[in-house]
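# Working through the structure, step by step
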Amino acid sequence: QKTAAKVQLMKLKMKSVGQGGLPEGERVYFLVHPPQESSRPAQGCFVSRNWSLGKTIDSLADATKTVNQNNVTAARKLRLFRNGDMLSCPLDTPISNLLESEQLLNGDTLDLDYET
């Protein structure tokens, strides 16, 4: 799976979207599938390894034009899923910690979807 992620990473770096001011060394790339109900295609995105999981979800929602109401108490919450499993760590967990523990890999495919 690491080799596949590296190949995908090379492809992602060419056409990913994200916050333009991020230094190249801080960037982490993902292929993000928006919620199925949006019927939008997957989008290559980059985020900062220093961001929290919550900020990353917000940024990926913006990049994929997904409605994000995580700040509204009664609304459905957006979460990240990898291989069908929701990343269940706290939203203030730094992305760098998830990379170190290999819960995420640079170049991974993620699903951005609503928690059920």
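Residues numbered from 1 in each chain as written. Predicted model: local features only at pLDDT ≥ 70, side-chain atom pairs only at ≥ 80, totals over all residues. Heavy atoms only, no water.

## A word on the packing of aromatic side chains
Going by this rule: Ring pairs shown here join Phe, Tyr and Trp side chains whose ring centres sit within 6.5 Å, with only the six-membered ring taken for Trp; geometry is labelled stacked below 30 degrees between planes, edge-to-face above 60, and tilted in between. Secondary structure elements are taken from DSSP: a helix is a run of H or I of four residues or more, a strand is a run of E of two residues or more, and numbering for both begins at the N terminus. Note on exposure labels: buried denotes an accessible area under 20% of the residue type's maximum, exposed denotes more than 50%, and partly exposed covers the range between, all computed with a 1.4 Å probe on protein chains only. We call a charge positioned over a ring when the NZ of a Lys or the CZ of an Arg lies within 6 Å of the ring centre and within 35 degrees of the ring normal.
One pass over the structure, following the stated rule, counts one aromatic pair. Geometrically, the ring pair formed by Tyr 29 and Phe 46 is tilted, given 5.7 Å between the ring centres and 55° between the ring planes. On the criterion of sequence distance, the pair formed by Tyr 29 in strand β1 (residues 27-33) and Phe 46 in strand β2 (residues 43-48) is long-range, its members being 17 residues apart. With relative accessibility at 7%, the residue Phe 46 sits in the buried group. The cationic tip of Arg 27 hangs over the ring face of Phe 46; the distance from NZ or CZ to the ring centre is 4.0 Å. It is Arg 76 that lies over the ring of Tyr 114; its NZ or CZ is 3.9 Å from the centre.

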